[in-house]
Amino acid sequence: MSNLQTYIPQAPNETTSYVMVSNSSQMLRENFTVGEFYNPKTGLPSHPLAVSVIDAVQYLRTKFGMPIRITSTYRNYIPTGPGVVGAATHSPHMLAQAIDFQFIGSKREVNPIYIELRDDFDNKGPIFQELWDMGIRGFGSYDTFLHLDCVQSELYPVFAAKRTRRYQGKQYSRWNSMKTLRNLYVGPTNVVLDTILVTAGEIRGVFADLGNAEDRGKDIRAKHIITIALVLAVAGALVYFGYRYFM
């Protein structure tokens with residue numbers, strides 16, 4: 001791309017492949033149009049974007065079978081204002097080598113995906129490996145979106161301080177800016193349902209005991225009443241937990 005210098009300060013030995021994107025309805029990948037990767041806030045009729053991040057998003061779209069909304073690609077400005085997260089003067093977005101995106105669906109549908117990807121990125125799992133082979137070198141997790149970029153710190157020293165991890169002899173970035181989902185795991189959805197079923201069984205058993213407790217004294221009744229109250233409190237908390245984070 002001969003006019004790339006018009007948009008970004010390309011490194012002398014840059015090997016990244018770019019495509020020009022614009023507000024076009026033409027299909028660029030199986031599930032994405034050209035226009036979905038275009039950022040009209042640049043004020044430009046078209047702008048470059050690294051092929052690696054486009055391929056990475058399509059890979060995740062195919063793998064999880066869940067629609068994806070692109071929220072940020074190339075920037076020739078530093079975003080400000082309410083809701084802006086992680087904007088920086090030296091940003092991979094300003095090199096047209098980064099993408100932010102979110103899965104479209106209910107919390108019940110998308111939160112387990114964000115959690116799975118968080119754990120996979122942390123442990124350099126199979127999804128990390130696939131993205132790495134595509135050239136991805138920045139892996140960011142947030143509660144409602146993900147960040148991927150393909151900036152090579154060897155070519156852009158300004159990013160070297162951020163690329164604090166190494167894999168296969170190369171630097172990369174991994175950060176987890178989750179708050180709500182930081183300490184949650186994919187399992188809690190099943191735990192909530194299982195606990196409710198167990199609790200229901202416990203309550204039925206307690207009521208059965210109460211029916212036969214008349215001859216065993218009031219202390220037995222009091223014990224069972226306290227048990228019911230505690231079990232209901234725990235069940236209520238788990239139901240709230242599941243609704244709050246997975247609905």
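Note that the structure is a prediction, hence the values are computed from the model and not measured.

### As for the sheet that holds strand β6 (residues 98-103)
Strand order in the open sheet formed by 6 strands is β5-β6-β8-β7-β10-β9, with mixed pairing between adjacent strands. Every other strand in the sheet has two partners, leaving β5 (68-72) and β9 (165-167) as the edge strands with one partner each. Across the sheet, the mean angle separating the axes of adjacent strands is 25 degrees when strand polarity is ignored. Of the strand pairs in this sheet, β9 and strand β10 (residues 170-176) are connected by 3 bridges, and their pairing is antiparallel. Note that in β10 the partner of R165 across the bridge is Y172. Helix α1 (residues 51-64) rests against β5, β6 and β8 (146-149) of the sheet, and its axis sits at about 20 degrees to β6. Sitting on the sheet, helix α2 (residues 107-122) is in contact with β6, β7 (138-141), β8 and β10, with an inclination near 140 degrees to β6.

### Considering unusual backbone geometry
In this structure, A96 takes a positive phi of about 60 degrees despite not being glycine. Overall, the relative accessible area of 0% leaves A96 in the buried class. Despite not being glycine, K124 has its phi angle at roughly 50 degrees, a positive value. Among the structural elements, K124 can be located in the loop between α2 and α3 (126-133).

### Concerning the packing of aromatic side chains
For the structure on display, the rule yields 13 aromatic pairs. Here the aromatic rings of W132 and Y172 are separated by 5.6 Å at their centres, their planes lie at 85 degrees, and the arrangement is edge-to-face. With W132 in helix α3 and Y172 in strand β10, this residue pair connects regions lying 40 residues apart in the sequence. A residue is classified by how much of its surface remains accessible, and W132, at 3% relative accessible area, is buried. Three or more aromatic residues joined by ring pairs make a cluster, and in this case those are F121, F128, W132, F139, Y167 and Y172.

### Overview of the side chain of T42
In this fold, T42 is placed in the loop between β3 (32-33) and β4 (46-50). Taking the relative accessible area as the measure of exposure, T42 reaches 9% and is therefore buried. Not counting residues up to four positions away in its chain, the partners in contact with T42 are H47, Y74, N76 and Y77.

### Structural notes on the packing of α2 against α3
The interhelical angle for the contact between α2 and α3, taken along N-to-C directions, is 70 degrees, at an axis separation of 7 Å. By the angle between their directions, the pair α2 and α3 is classed as roughly perpendicular. Together, E116, L117, D120 and F121 of α2 and P126, I127, F128 and L131 of α3 make up the contact between the two elements.

### Here we look at the pairing of β10
Of all 7 residues in β10, 5 are buried, a share of seventy percent or more. Taken together, the 4 bridges between β7 and β10 define a ladder with parallel strand orientation. In the sheet register, G140 faces β10, and the bridge partner there is W175.

### Quick word on α3
Buried within α3 are the following residues: I127, F128, L131 and W132. Along α3, the residues classed as buried sweep out an arc of 135 degrees about the axis, all on the same side. The exposed residues of α3 that point more than 90 degrees off its buried face are P126 and D133. Buried residues along α3 sit in contact with α1, α2, β7, β8, β9 and β10. Once α3 ends, the next one or two residues include G135, with phi positive near 105 degrees.

Scoring rules and cut-offs
- Residues numbered from 1 in each chain as written.
- Predicted model: local features only at pLDDT ≥ 70, side-chain atom pairs only at ≥ 80, totals over all residues.
- Heavy atoms only, no water.
- Pairing = 2+ DSSP bridges.
- Helix = DSSP H or I, 4+ residues; strand = E, 2+ residues; numbered from the N terminus.
- Axes fitted to C-alpha atoms, helices over the stretch in contact; angles between N-to-C directions.
- Contact = heavy atoms within 4.5 Å.
- Buried < 20%, exposed > 50% of the residue type's maximum accessible area, 1.4 Å probe, protein only.
- Phe/Tyr/Trp six-rings, centres within 6.5 Å; stacked < 30°, edge-to-face > 60°.
- Parallel < 35°, antiparallel > 145°, perpendicular 65-115°, else oblique.
- Arc of directions from axis to C-beta.

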